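Spelled out from the first residue to the last, the chains are:
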Protein chains: 4
Amino acid sequence: MLSFESDYITGAHERILKRLMETNRESMSGYSKDIYCESAKKKIREACACDDAEIFFIAGGTQTNQLVISTLLATHEGVVAADTGHVSLHEAGAIEYSGHKVLTVPHVDGKIMPEALKEYLKGFYMDGNCEQMVFPGMVYISHPTEYGTLYSAEELRGLRSVCDEYKLPLYLDGARLPYALMSDNTDVTLPMIAELCDVFYIGGTKAGALCGEALVYTRKNMPAHFNTIVKQRGALLAKGRLFGVQFDELFTDGLYFEIGKHAVKLAMRMKRAFLDKGYKLHIDSYTNQQFVILERSEWERLREKVGMSFWENIDENHLVVRLATSFSTTEEDVEELEKLI
Amino acid sequence: MLSFESDYITGAHERILKRLMETNRESMSGYSKDIYCESAKKKIREACACDDAEIFFIAGGTQTNQLVISTLLATHEGVVAADTGHVSLHEAGAIEYSGHKVLTVPHVDGKIMPEALKEYLKGFYMDGNCEQMVFPGMVYISHPTEYGTLYSAEELRGLRSVCDEYKLPLYLDGARLPYALMSDNTDVTLPMIAELCDVFYIGGTKAGALCGEALVYTRKNMPAHFNTIVKQRGALLAKGRLFGVQFDELFTDGLYFEIGKHAVKLAMRMKRAFLDKGYKLHIDSYTNQQFVILERSEWERLREKVGMSFWENIDENHLVVRLATSFSTTEEDVEELEKLI
Amino acid sequence: MLSFESDYITGAHERILKRLMETNRESMSGYSKDIYCESAKKKIREACACDDAEIFFIAGGTQTNQLVISTLLATHEGVVAADTGHVSLHEAGAIEYSGHKVLTVPHVDGKIMPEALKEYLKGFYMDGNCEQMVFPGMVYISHPTEYGTLYSAEELRGLRSVCDEYKLPLYLDGARLPYALMSDNTDVTLPMIAELCDVFYIGGTKAGALCGEALVYTRKNMPAHFNTIVKQRGALLAKGRLFGVQFDELFTDGLYFEIGKHAVKLAMRMKRAFLDKGYKLHIDSYTNQQFVILERSEWERLREKVGMSFWENIDENHLVVRLATSFSTTEEDVEELEKLI
Amino acid sequence: MLSFESDYITGAHERILKRLMETNRESMSGYSKDIYCESAKKKIREACACDDAEIFFIAGGTQTNQLVISTLLATHEGVVAADTGHVSLHEAGAIEYSGHKVLTVPHVDGKIMPEALKEYLKGFYMDGNCEQMVFPGMVYISHPTEYGTLYSAEELRGLRSVCDEYKLPLYLDGARLPYALMSDNTDVTLPMIAELCDVFYIGGTKAGALCGEALVYTRKNMPAHFNTIVKQRGALLAKGRLFGVQFDELFTDGLYFEIGKHAVKLAMRMKRAFLDKGYKLHIDSYTNQQFVILERSEWERLREKVGMSFWENIDENHLVVRLATSFSTTEEDVEELEKLI
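Describing the overall build of chain A
- Helices and strands together make up the secondary structure of chain A, namely 14 helices and 13 strands.
- A globule of 341 residues ought to have a C-alpha radius of gyration of about 20 Å, and chain A, at 20 Å, matches this closely.
- Projecting the C-alpha coordinates of chain A onto the three principal axes gives extents of approximately 60 × 55 × 35 Å.
- With 341 residues in all, chain A has 66% of them scored as buried.
- Sequence separation of 24 or more characterises 72% of the internal contacts of chain A that already satisfy a separation of 6 or more.
- By element, 49% of the accessible surface of chain A is carried by carbon and sulfur atoms, the whole surface being about 11,800 Å².
- Where the 37 positive side-chain charges of chain A centre and where its 50 negative ones centre are 5 Å apart.

Here it is, written out as structure tokens:
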């Protein structure tokens, strides 16, 4: 059976496993104070062209979002996100659990447009009752978005400019970042993200690691005593080396980008195959996630042989499925899929 | 340099890494809904002789404590712990962050004695003002304790009996459980723990895994919608297989117990060596952690060649150090240590 | 200057002040355990025709909403409210501070329609990803709504029926309840509210008291240890007698209903005056709040002599103002207003 | 029956009720933006000799403590208090509910001694594990303490000095402040408190008001957007005038101090009476609360005719009771008590 359900259905890139094996018996300090964490941070700083970057490794994306958002916001503030944003919908209320509201702005293809953000902020401060409302305290975007779409450099600069005007930090969720960076259809680079965002994370889990995300603060703005705060939130792992070794390898000889390139290439081939056979796309994604509209009967037939994720219903006869590629998807997998559709 | 700083300074038992390698390309459902998690749960239920056990895998111990305690307690309740308990002192306020007070009882060698617990509870309900105080809502113990000491079966039964009288759930933190179970000086077994505790966790991180703890609910008392709650707390990992494969291997052919046995044997040899050479112990531990009193000059000398953890000061000339063994400690390591002391 | 800004701009009904004076030197137990609280509860139970009603007095409305909602919900649940609901917008994130999300349903004149509720709930459970979303755990409505509108008995029964189907408690915010109960245009009674809602509150602050709301649990469903919980939230006042004396008086000889009747009568007269003079209403309210559309120039002129609340902008030339009546509004006030418009 | 149970068993000083009556029909802005709140703040600033003081009125003491502490602390910090402090024991976990730990220091007669504070802080930072512990973030004291005892000016300066050394804000809970300020046995004044503390509150509820506490920030250190934060916590009352009128009257012609003087005078007379008749005091209080040791039989006899609060058991035959005076206690009450003991 073919498996395109997600980009987290297999283990880790073999180069990562190999390094875990090689370093296994080395004695190292706990709590991410080991040499591999240090080395990984150095390489990430270089990849971001950001010497000042402060980096912390966290096990998962929801936890990272919860940590960043709840420590950046003042108590009376909420985070502004697209209404389709991961933090708005699919993190089981993790932000609210931390005491903060998610303030939503209507999305365009999963993105917050600079104009929509500006309109929202302007409206907020014009409301005579805003003193008894949740104040916007930061902006959350994902890149790629939950729909696999990408911000252009211009859009990202536009958001930065609105954020500057309203003195709001900009946070980018990069759970699937390599598939954005290596897309054929992007002018956004990692250094640009580091330049335009106050904080962002470089996803590991959905990008070929066993687990782990590299959280990057770009303006010497990591909260004081962050170690203690991470411990308090239950997010400090004793064997931080697990993150260190993985990210050190991911940022050695461009492995991270290679993983992105590989998956995007196969996703583009998959997209072309669907289009060639007359399928319609729900959204035109240039990253590793593809959203295809299927007739219900086709869905019933195909799912016997192809693992896909149900995304949403269109009408009685049509639905959207998501197919994702990853480091472990092969040319053969896509070829076989082409035969089946 | 010899390393006895802790039991989390090396990676994972090689059998675990091997299984991760072997299963790496298998496609599996995310969020711990894979076959290895299922298999691991089955084996753990057997090892606990508890068919009803509901099991969940969490990345780290503090997070597990935070999750269990905050979901078991009613909002007006606190958790009763020894004043030396991990949740009382060394989790950076993780329990308070979740909204609950840690109510402390004076420890004896790191343990809560049944009589002390009873006295505290009796006193609480006799206080005319208890309506405006935090109610005791559960009891937390660690086994082994933070001092490497162990509850006897009688003590554990005594705690259970007090808990029954006051209708309080009993929770056991088993971060270093194998070193308790395989101690020469214990009459407490895993099935006994499952019988006497409402919930407990089987530590992985400090017991030879890369990360992960197996949380066990023994009375069909796992909170409803636990998956969603774990997600809300940021504690649900996408690649839950990482836990599944590791715990499945740990509970195959007794690896978990073997790891415990190995580390305890070496710790006992280390203890004997210290005693033979006239050193005094801070506490008489029969588990993998040893607490030795050193003269300050000896400490300065030894630390050049032996990794140890500073534990606490005794007086101007003496201090306590902790030395721990683990799956990766070798006979040679201990031999070399013997020569150095 | 005339004052119609709100229903909380003057003190308390004089009968209440008189009773506070008369009872001032009586020694009473603190924390709402006095005879006046008991007497008030008895009278409220009678007015609600609900012998089982459990009642608690809280200082303000936001605090009451926060307390009720956060104690009724399970940790992974949110409260369903109209997108215009007070808890959604104008309580500065009080619900989120307590850890829970407000799940919004599009309003119709400030109300949640039973069909809209059902559609939302049905959609939620059909979503394949709902396990990683916030579960709907209760329904919040206000009566009158923030727009001064009223649920009909049929609508209320419809909501109850949907709540029954999905096993959700129904909570009614009665901050301005007397103006609903005494409207000419309602078939909803206090006993009906007690019958159809699991919990609701009878507003005091905006209904002629100095402060205080009477929270009513109708199904013996007040949380256990509620006293302690209220203390924990900082909401337990030492001199609970202040609530007891006030609500005892409000529910003596129908004072509460008299206050409602008086304010509604004057509001209806005011509405007629606006309509007669050709003004347009933003919404047709039959309660003590009136929402009138003004030209901007008219607004500038009128606000010199009449206290009103700016509500929202309609277009460049028009805006909506709110005028409210209360126990302290007089016929003369309305007459004078009639002359000014 | 005589009533000495507490200082909150009667209503309010009659001058306060009279002013509420007189101002009742005046139209005023809600949410403490009225002229009486402004006037009261001005008078309090004068009484404190602190022109910069920022003042906010809150309904009750626990709520005030919760608000101040949770907004002053960083997320990883706790509040240092005496182990007998109100926030440590008798607020049902209000501080922990807000996410923070109460770090306790052993008390001396209910007080934190400067040396004990220093020792605790020194020890904390010497602990090699402090990164995984809750950091001390502020110091909480009550004056008078829960035992009716008083800090001397020297002790207060000592605490200030330790706080300066460790850069910690000092917060004083003045729930019963007038009984401290008007004690015969104090050299601490209100301006001195304003000078030495970063924030404190002037109690109203237990000092002759119906409800309300005046929270005073002395270093222009009131948190930004405090209004919104207070609303978020459910602590913003619509009819803030209730606080304004009361505190304005309390600080007119020295009423607040007069109330303190009156109650302390009667308490001293009561103390003398007990001592003259051979009773022993549990603690030597110079404020309005007296703690007397009674034989159990005496307790049984006396409680038939005198309202007192049970405080704690001494041994099988003896217990401690608390008797408190207030604005409403009369010379006759004390005379009658003298006859009964």
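What about the sheet that holds strand β9 (residues 280–283) of chain C?
All names here are of chain C.
- Taken in spatial order, the four strands of this open sheet run β9-β10-β13-β12, and their pairing is antiparallel. A single partner strand is all that each edge strand has here, and the edge strands are β9 and β12 (309–313). Across the sheet, the mean angle separating the axes of adjacent strands is 40 degrees when strand polarity is ignored.
- Looking at chain direction, strand β10 (residues 289–295) and strand β13 (residues 318–324) are connected through seven bridges and run antiparallel. Bridged to L294 within β13 is L319.

A look at the environment of R241 of chain A
- Relative to the helices and strands, R241 of chain A is located in helix α11 (residues 241–250).
- What makes R241 of chain A buried here is its relative accessible area of 5%.
- Not counting chain neighbours up to four residues away, the residues in contact with R241 of chain A comprise T23, N24, E26, M28 and D34 of chain A together with I9, T10 and G11 of chain B.
- Engagement of the side chain of R241 of chain A in a polar contact is seen with the backbone oxygen of E26 of chain A, the distance being 3.0 Å.

With respect to the interface of chain C and chain B
- Facing the 17 residues of chain C at the interface are 17 residues of chain B.
- When the buried surface of chain C facing chain B is broken down by residue, E131, Q132 and T228 of chain C rank first, second and third, together holding 36% of it.
- Taken together, the connections running from chain C to chain B amount to two salt bridges.
- The salt bridge partner of K33 of chain C is E131 of chain B, with a shortest N-O separation of 2.8 Å.

Digging into the packing of helix α12 (residues 255–276) of chain B against helix α14 (residues 331–340) of chain B
All names here are of chain B.
- At a minimum axis distance of 10 Å, the contact between α12 and α14 shows a crossing angle of 10 degrees. As summarised for this structure, α12 and α14 are arranged roughly parallel, according to the angle between their axes. Mapping the contact onto sequence places K265, L266, R269, M270, A273 and F274 in α12 and E331, V334, E335, L337 and E338 in α14.

Considerations on the interface of chain A and chain B
- Listed as interface residues are 50 residues of chain A and, on the opposing side, 50 residues of chain B.
- Together chain A and chain B conceal approximately 4,200 Å² of surface at their shared face, both sides included; 56% is due to carbon and sulfur atoms.
- Broken down residue by residue, the surface that chain A buries against chain B is led by R25, Y97 and K239 of chain A, which jointly contribute 17%.
- The tally of links between chain A and chain B comes to two salt bridges.
- Linking chain A with chain B are 30 residue pairs in polar contact (both at pLDDT 80 or more).

Digging into the sheet that holds strand β3 (residues 77–82) of chain A
Residues and elements named next belong to chain A.
- On the basis of which strands lie adjacent, the open sheet formed by seven strands has the order β2-β8-β7-β6-β5-β3-β4 and mixed pairing. Each edge of the open sheet carries a strand with a single partner, namely β2 (54–58) and β4 (102–105). Neighbour to neighbour, the strand axes of the sheet diverge by 25 degrees on average, direction disregarded.
- Both strand β6 (residues 170–174) and strand β7 (residues 199–203) contribute to a ladder of four bridges, which runs parallel. Bridge pairing links Y171 to V199 in β7.
- Sitting on the sheet, helix α3 (residues 61–72) touches β2, β3, β5 (135–142), β6, β7 and β8 (213–217), and the angle it makes with β8 is about 20 degrees.

So, unusual backbone geometry
- With an omega of 0 degrees, the peptide bond between H143 of chain B and P144 of chain B qualifies as cis.
- Along the chain, the position of P144 of chain B falls in the loop between β5 (135–142) and α7 (153–165).
- Even without being glycine, K220 of chain C reaches a positive phi, approximately 50 degrees.
- As for its position among the elements, K220 of chain C is in the loop between β8 (213–217) and α10 (226–232).
- Using a relative accessible area of 55% as the deciding quantity, one classes K220 of chain C as exposed.

Topic: the environment of D52 of chain D
Residue and element names in this part refer to chain D.
- In this structure, D52 sits in the loop between α2 (35–48) and β2 (54–58).
- Between the C-alpha atom of D52 and that of Q63, which follows or precedes it by eleven residues, the distance is 24 Å.
- If sequence neighbours within four positions are ignored, D52 has contacts with Y217, T218 and K220.

Here we look at the relation of the copies chain A and chain B
- When chain A is fitted to chain B, the best match, at an RMSD of 0.1 Å, comes from turning it 180 degrees and sliding it 0.0 Å along the axis. Given the turn and translation reported, the copies of this chain are related as if by a two-fold rotation axis.
- Taken together, the interface assignments show that 100% of the residues at the interface of chain A recur at the interface of chain B, consistent with an identical surface on both copies.

Re the packing of aromatic side chains
- One pass over the full model with this rule turns up 60 aromatic pairs over all chains.
- Ring centres 4.9 Å apart and planes at 90 degrees place the aromatic pair F124 of chain A and Y125 of chain A in the edge-to-face group.
- Taking the centre distance of 4.9 Å and the plane angle of 65 degrees together, the rings of F291 of chain D and W311 of chain D count as edge-to-face. Remark: W311 of chain D occurs in strand β12 (residues 309–313) and F291 of chain D occurs in strand β10 (residues 289–295); sequence separation between them is 20 residues.
- Classification of W311 of chain D as partly exposed rests on a relative accessible area of 23%.
- Above the ring of Y151 of chain A, the side-chain terminus of K111 of chain A is found at 5.8 Å from the ring centroid.

Description of the pairing of strand β7 (residues 199–203) of chain C
Residue and element names in this part refer to chain C.
- Within β7, five of the five residues are buried, which leaves it mostly tucked inside the rest of the structure.
- Burial along β7 is two-sided: V199, Y201 and G203 and F200 and I202, pointing in opposite directions, are all buried.
- Bridge analysis of β7 against β8 gives five bridges, and the strand direction is antiparallel. By the bridge assignment, F200 is partnered in β8 with V216.

Overview of helix α11 (residues 241–250) of chain D
All names here are of chain D.
- In terms of residue burial, α11 counts as a mostly covered element, since ten of its ten residues are buried.
- Among the residues of α11, those classed as buried are R241, L242, F243, G244, V245, Q246, F247, D248, E249 and L250.
- In this structure, the buried side of α11 is in contact with α1 (14–22), α2, β2, β7 (199–203), β8 (213–217) and α12 (255–276).

What counts and what doesn't
- Residues numbered from 1 in each chain as written.
- Chains lettered and ligands numbered in written order.
- Predicted model: local features only at pLDDT ≥ 70, side-chain atom pairs only at ≥ 80, totals over all residues.
- Heavy atoms only, no water.
- Helix = DSSP H or I, 4+ residues; strand = E, 2+ residues; numbered from the N terminus.
- Rg over C-alpha atoms; globule rule 2.2 N^0.38 Å.
- Buried < 20%, exposed > 50% of the residue type's maximum accessible area, 1.4 Å probe, protein only.
- Contact = heavy atoms within 4.5 Å.
- Areas by Shrake-Rupley, 256 points an atom, 1.4 Å probe, with all protein chains shown as cover.
- Lys, Arg positive; Asp, Glu negative; His and termini not counted.
- Charge placed at Lys NZ, Arg CZ, Asp CG, Glu CD.
- Pairing = 2+ DSSP bridges.
- Axes fitted to C-alpha atoms, helices over the stretch in contact; angles between N-to-C directions.
- Polar contact = N/O pair within 3.5 Å; in protein donor to acceptor, adjacent residues only side chain to side chain.
- Buried area = accessible area lost by both parts, 1.4 Å probe.
- Salt bridge = Lys/Arg side-chain N within 4 Å of Asp/Glu carboxyl O.
- Parallel < 35°, antiparallel > 145°, perpendicular 65-115°, else oblique.
- Least-squares fit on C-alpha atoms with pLDDT ≥ 70 in both.
- Phe/Tyr/Trp six-rings, centres within 6.5 Å; stacked < 30°, edge-to-face > 60°.
- Lys NZ or Arg CZ within 6 Å of the ring centre and 35° of its normal.

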